[in-house]
Structure formats: C-alpha cells, structure tokens
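Chain by chain, the residues run as shown.
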Amino acid sequence: MKFPAPIAVQEIAQMINARLVGNVNGLVTGINEIHKVEAGDLVFVDHPKYYDKCIHSAATFVIINKETAYPEGKALLIVDQPFEAYQTIVRHFRPFQPATQSISEQAVIGEGTYIAPNVFIGRDVSIGKNCRIFPNVTIMDHCVIGDNVVIQAGTVIGSDAFYYNTKKDREVWYKRMESGGRVVIEDDVEIGAGCTIDRGVSHDTRIGRGTKMDNLIQIGHDTVVGKNCLFASQVGIAGATTIEDGVVLWGQVGVSKTLTIGANAVVLAQSGVPASLEGGKVYFGYPAEDASLKKREFVWIKRIPEIWEKLKNLK
C-alpha cells in the first residue's frame, strides 16, 4: 500500500509509539508485507524466525519487537507489538468508512459503461469505458477496473484478504490483518458469476489484460494473474501467487500460496498445485505433474491386481 506522499519515518514512529534506530531521517513511501516489499517500504516482523528475512528484504524500514543488527541505510521501529503497530498504520491510511449509498459519489465511471440495478460501487473506485457490470456485483473501495471489462452477476471484487496473525498464547488465536491493498482488473477481462477476488493485504491483487474467468472462482489476496489466462469453474487460487501469461486452469484446480505457474502452462481439471510449475507444459493430478507421465501411472495402478495375481501364481 503506497502512501499518498512519502512520510518521514519519525512521523510514523510517533504514530505507533516506536523507538527509532538507524536511518532516522528516511522517508517511508508505503507499507507492505514481506512477499511484496520494495525499497522505501515499511514491513513488520514479530518472530525471531523471520527477523533475518525481513531485515535483509528490499524494505527500508522494519517494525520489530527487539533491537538487532541491520544493514546500513535501514531503520528499525521497535515496539512491543509489531502486528498492532501495522494495524494502526493501515487503519490510519485506509480507515473504515461506512457506505451511505449504492454507488459512491467518489467513484469514477467511464463513458459507455453499463451498471445494472443493485450493483454496489465503493469509494474511490475507478471503472473504465464500455464495461458491463451485471446485477448484484460488489466492487469495494479503491478498486480499479479497466476498459471493456465484463463482470457477471453476484461477483465480489475487493473483499478483505483471508490473512490472519496467529498467536496461540492468547484467547483469540487468529486476528485479521487489515487489508490496505486493492484489486486491479486490466482491460478486456471477463469475470463470471459468483466469483470472489480478494484485495491485497498491502499490495494489489491484479488480473491481467484479456484474462477470462468462468463462474465460482476464488482469487486470493496479492495474487498476480498474467495476460490472456483462462480459468474454468471452481478454480481456487491462494494468496500471493503468480500466474504468468497464457496459463489455463481447468475446472476445480486448486493452487496453493506463494508459488508461480509459468507462462502457457495448462493444468487439467481437479488437479492440485502445491509447488511452482514450469511453463509450457500440461499438468494433471495431485501433486500436479507432467500429464503424460501421470496418465501412465494410472494405467499401471489399474494393472496392480492383475500383476499381483501373476506373482501369486509363480509360487
């Protein structure tokens, strides 16, 4: 999540009551989670297991609960509860503002775009030209829709991320991280009925130009889908995943988090993808593997009873 303008790190430290060490005169350009950080970003860490990863990431500023060594040019903002500090910052820049009308006066809607009855469009939403938005679609605050986009009935764009801070030493184990990111739908995308596309936790969930999605599809937070992809019904993609250009996912494919499916890969129906896949190949099964090899495995599995009988007769 980028701030409207760079902010002095000293001002952020005051906001969250942090002790500041290191680059005390730096300017913070935004806040991000570890999978998406860039130079100038602020990130938080509250477990020693992840200290090194965060401190040596691209992020310039780190909210942390213990002073430790850090590279030159970076700054630590030391607080007892880094997660709560993160929440404070997101709420400051993305406060909850109850809607008072179905289509916000702050939404920008392009020429030639059709908005059906019972559509909800939130604050600071941008919708391009010649789009068709069908009944009962919800487009939440700050989302961006390009030109020539079709969104079928009942779809939700920009719902909060399914992303929780977990601590089992407290009464409520899972605390939701505030979602400060957006959903960005590029030009010429078509989205079927009853789909849900979650906003980024602190970055953008993005659907690339020309991608087509069937009904009942779930896209998780901070996922980036490339151009000209094709997803059939009931595909589910977890958070912070990268789907490169031209990927085809057939019905009921499940894709795990923080992995990459390479360009022009095809994953056949009901397959599961727990790890990254190379582009330009066809995959099947769980775990998803080269489809031709997987199909040969099934042939041999079916022959096991026959082979077993032959082995018994050798005695």
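For the structure itself, look to the data block above.
Please read these numbers as outputs of a predicted model, since none were measured by experiment.

**Student:** I keep staring at the packing of aromatic side chains and nothing clicks. Help me out?
**Tutor:** How two aromatic rings sit relative to each other is given by the distance of their centres and the angle of their planes. For the coordinates displayed, the defined rule picks out seven aromatic pairs. Judged by centre distance (4.2 Å) and plane angle (20 degrees), the ring pair of Phe3 and Phe93 falls under stacked. Of this pair, Phe3 sits in strand β1 (residues 2-8) while Phe93 sits in helix α3 (residues 82-93), placing them 90 residues apart in sequence. No difference in accessibility class separates Phe3 from Phe93, as the two residues are buried. Judged by centre distance (6.1 Å) and plane angle (65 degrees), the rings of Tyr114 and Phe134 are edge-to-face. One end of the pair, Tyr114, is in strand β8 (residues 114-115); the other, Phe134, is in the loop between β11 (132-133) and β12 (138-139), and 20 residues separate them in sequence. Every member of this aromatic cluster is reached through a ring pair, and the members are Phe44, Phe83 and Tyr86.

**Student:** What is the right way to look at the pairing of strand β21 (residues 204-207) in this model?
**Tutor:** Consecutive residues of a regular strand have side chains that alternate between opposite faces of the sheet. Examined bridge by bridge, strand β18 (residues 182-185) and β21 share four bridges and lie parallel to one another. The partner of Val184 across the bridge, within β21, is Arg206. As judged from the two bridges shared by β21 and strand β24 (residues 224-225), these two strands associate in the parallel manner. When the bridges of β24 are listed, Ile207 appears paired with Val225.

**Student:** Would you mind showing me how to read a nonpolar patch on the surface here?
**Tutor:** A cluster of nonpolar residues, Trp300, Ile307, Trp308, Leu311 and Leu314, forms a patch on the protein surface that exposes about 570 Å² of accessible area. For the nonpolar patch, the element with the highest residue contribution is helix α5 (residues 304-313), accounting for three residues. With respect to the helices and strands, Trp300 occurs in helix α4 (residues 291-302).

**Student:** Would you take a moment to explain the sheet that holds strand β22 (residues 212-213) for this structure?
**Tutor:** The pairing of strands in a sheet comes from backbone hydrogen bonds and takes either a parallel or an antiparallel form. Strand order in the open sheet formed by 10 strands is β8-β11-β14-β19-β22-β25-β28-β31-β33-β34, and the pairing between neighbours is mixed. A strand with exactly one partner marks an edge of an open sheet, and here the two such strands are β8 and β34 (289-290). Inspection of the sheet shows strand β31 (residues 266-267) paired to strand β33 (residues 282-284) by two bridges, in the parallel sense. Along β33, the bridge assignment pairs Val267 with Tyr283.

**Student:** Would you mind going over the environment of Arg176 with me for this structure?
**Tutor:** The residue Arg176 is located in strand β17 (residues 174-176) in this model. A residue is classified by how much of its surface remains accessible, and Arg176, at 36% relative accessible area, is partly exposed. Sequence spacing of Arg176 and Tyr163 is 13 residues, and the spatial spacing of their C-alpha atoms is 6.1 Å. If near-sequence neighbours (up to four positions away) are discounted, Arg176 is found in contact with Phe83, Gln87, Asp160, Tyr163 and Tyr164. Within the local environment of Arg176, its side chain forms a polar contact with the side chain of Asp160, the two groups lying 2.9 Å apart.

**Student:** What am I meant to see in the pattern of salt bridges here?
**Tutor:** A side chain of one charge can pair with a side chain of the opposite charge when the charged atoms of the two come close. Counted according to the given criterion, the structure contains 18 salt bridges. Between Arg176 and Asp160 there is a salt bridge; the shortest N-O distance is 2.9 Å. Taken together, the residues span a long stretch of sequence, with Arg176 in strand β17 and Asp160 in the loop between β15 (156-159) and β16 (164-166) at a distance of 16 residues. The salt bridge involving Asp204 is made with Arg206; its shortest N-O contact spans 3.9 Å. If you follow the salt bridges from partner to partner, you end up with Arg91, Asp160, Arg176 and Glu178 in one network.

**Student:** What is the right way to look at α3 in this model?
**Tutor:** Because an α-helix packs 3.6 residues into every turn, residues spaced three or four apart end up facing the same way. Over its 12 residues, α3 runs 17 Å from end to end, which matches the ideal 16 Å to within 8%, given 1.5 Å per residue. Regarding α3, the residues found buried are Pro82, Phe83, Ala85, Tyr86, Gln87, Ile89, Val90 and Phe93.

**Student:** Help me understand the sheet that holds β1, please; the structure alone is not making it clear to me.
**Tutor:** Spatial ordering of the open sheet is given by β1-β3-β4-β5-β6-β2, a layout of six strands whose pairing is mixed. Strands at the two margins of the open sheet, each flanked by one partner only, are β1 and β2 (19-22). Taking the axes of each pair of neighbouring strands and ignoring which way they run, one obtains an average angle of 30 degrees across the sheet. The strands touched by helix α1 (residues 9-16) are β1, β2, β3 (27-31), β4 (41-44), β5 (61-64) and β6 (75-78); relative to β1, the strand with the most contacts, the crossing angle is about 100 degrees. Helix-sheet contacts for α3 involve β1, β3, β4 and β5, and the interaxial angle to β5 is about 125 degrees.

**Student:** How do you make sense of the packing of α4 against α5 when you look at a structure like this?
**Tutor:** Each pair of packed helices can be summarised by the angle the axes make with each other and by the distance between the axes. Two numbers describe how α4 lies on α5: the axes approach to 4 Å, and their chain directions differ by 45 degrees. Classified by the angle their axes make, α4 and α5 are oblique. Residue-level inspection shows Trp300, Ile301 and Lys302 of α4 in contact with α5, the latter providing Ile304, Pro305 and Ile307.

**Student:** Looking at this structure, how should I read the nonpolar core?
**Tutor:** Looking at soluble globular proteins, one finds that nonpolar side chains tend to be buried together. Counting 43 residues, the largest nonpolar core has Ile139, Phe231 and Leu249 as its most contacted members. By size, the runner-up hydrophobic cluster in this structure holds 26 residues, among which are Phe3, Ile16, Ala75 and Leu77.

What counts, and at which threshold
Sequence order sets the numbering: in each chain, residues are counted from 1 along the sequence as written. Restriction of local features to residues with pLDDT of at least 70 applies here, the model being predicted, together with a cutoff of 80 or more for giving and counting side-chain atom pairs; totals for whole chains, interfaces and linings are based on all residues. To obtain the side-chain values, all non-hydrogen atoms of the structure were included, while hydrogens and water were left out. What counts as a ring pair is set by centres within 6.5 Å for rings of Phe, Tyr and Trp (its six-membered ring), and what kind of pair is set by the plane angle: stacked under 30 degrees, edge-to-face over 60, tilted for all other angles. Helix numbering and strand numbering both begin at the N terminus, where a helix is a DSSP run of H or I of at least 4 residues and a strand a DSSP run of E of at least 2. In this scheme, a residue with accessible area under 20% of its type's maximum is buried, one over 50% is exposed, and one in between is partly exposed, where area comes from a 1.4 Å probe on protein chains only. The criterion for strand pairing is that DSSP finds at least two bridges linking the strands in question. Excluding any residue in a salt bridge, patches collect residues exceeding 30% relative accessible area, merging like charges within 9 Å and nonpolar Val, Leu, Ile, Met, Phe, Trp and Tyr side chains within 5 Å. The method behind every accessible area is Shrake-Rupley, applied with a 1.4 Å probe, and residues are considered shielded solely by the protein chains displayed. In the sections that follow, a salt bridge refers to a side-chain nitrogen of Lys or Arg positioned within 4 Å of a carboxyl oxygen of Asp or Glu. Any pair of residues with heavy atoms lying within 4.5 Å of one another is described as a contacting pair. As used in this structure description, the phrase polar contact means that two N or O atoms lie within 3.5 Å; if the pair is within protein, one of them must be able to donate a hydrogen and the other to accept it, and residues adjacent in sequence are counted only when both atoms belong to side chains. One fewer than the residue count of a helix, multiplied by 1.5 Å, yields its expected span. Angles run from 0 to 180 degrees between N-to-C directions of axes, and those axes are lines fitted to C-alpha atoms, restricted for helices to the stretch in contact. Angle categories are assigned with fixed cut-offs, so that under 35 degrees is roughly parallel, over 145 is roughly antiparallel, 65 to 115 is roughly perpendicular, and the rest are oblique. Here, nonpolar core means buried Ala, Val, Leu, Ile, Met, Phe, Trp, Tyr and Cys residues that are tied together by side-chain atoms lying within 4.5 Å of each other.

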